[in-house]
Amino acid sequence: MQQWFFLAIAIICETIATSCMKATNNFTNLWPSLVVFLGYPISFYFMSMTLKTMSVGIAYAVWSGVGTILIALVGWRVYGQSLDLPAVCGLSLIVAGVVVMNVFSKSVVY
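Residues numbered from 1 in each chain as written. Predicted model: local features only at pLDDT ≥ 70, side-chain atom pairs only at ≥ 80, totals over all residues. Heavy atoms only, no water.

### Details of the overall build of the chain
Across its full length, the chain carries four helices and zero strands. When the helices and strands of the chain are placed in sequence order, the string is α-α-α-α. For the chain, the spread of C-alpha atoms along the three principal axes comes to 45 × 35 × 15 Å. By residue count, 35% of the 110 residues in the chain fall in the buried class. Here the contacts in the chain between residues at least 6 apart in sequence split such that 62% fall between residues at least 24 apart. (Helix = DSSP H or I, 4+ residues; strand = E, 2+ residues; numbered from the N terminus. Buried < 20%, exposed > 50% of the residue type's maximum accessible area, 1.4 Å probe, protein only. Contact = heavy atoms within 4.5 Å.)

### Looking at helix 3 (residues 56–77)
Between the first and last C-alpha of helix 3 there are 31 Å, a value that for 22 residues agrees with the 32 Å anticipated at 1.5 Å per step. The secondary structure elements touched by the buried residues of helix 3 are helix 1 (2–21), helix 2 (30–50) and helix 4 (85–104). (Expected span 1.5 Å × (residues − 1).)

### Things to note about the environment of isoleucine 16
As for its placement among the helices and strands, isoleucine 16 is situated in helix 1. A C-alpha to C-alpha distance of 8.6 Å links isoleucine 16 and isoleucine 71, two positions 55 residues apart in sequence.

### Points about helix 2
With 21 residues, helix 2 should reach 30 Å at 1.5 Å per residue; the first-to-last C-alpha distance of 30 Å fits that figure. Those residues of helix 2 hidden inside the fold are in contact with helix 1 and helix 3.

### Comments concerning the confidence of the model for the chain
Detailed reading of predicted coordinates is not advised where the pLDDT is low. Summarising the model, the chain shows a mean pLDDT of 93, and 96% of its residues fall at 70 or more. For the chain, the element scoring lowest by mean pLDDT is helix 4, at 90; helix 2 scores highest, at 98. (pLDDT = per-residue confidence, 0-100.)

In structure tokens, the structure reads:
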């Protein structure tokens, strides 16, 4: 169960870092740049902790899938970017893929 906690921290840190990337203005704004420079290494550290007990394929599928959805939501909410029907359908397929892997795949190792 601890691996899911580590994975959640990795996803949150990566999402925060990626969300701040636009605000760095080509790394000319100090605070958003610091968030980016700190967020990614923290995310990678917790992802490495996750991989001690979880299969890399499953961990990465969850990390990238949930991260993609969260970034799309941040872009929509914070930056006013649109989420049209095809985007929502695509995000739904990502969720479905992660669920199928976790529920039905025999390659899941914890």
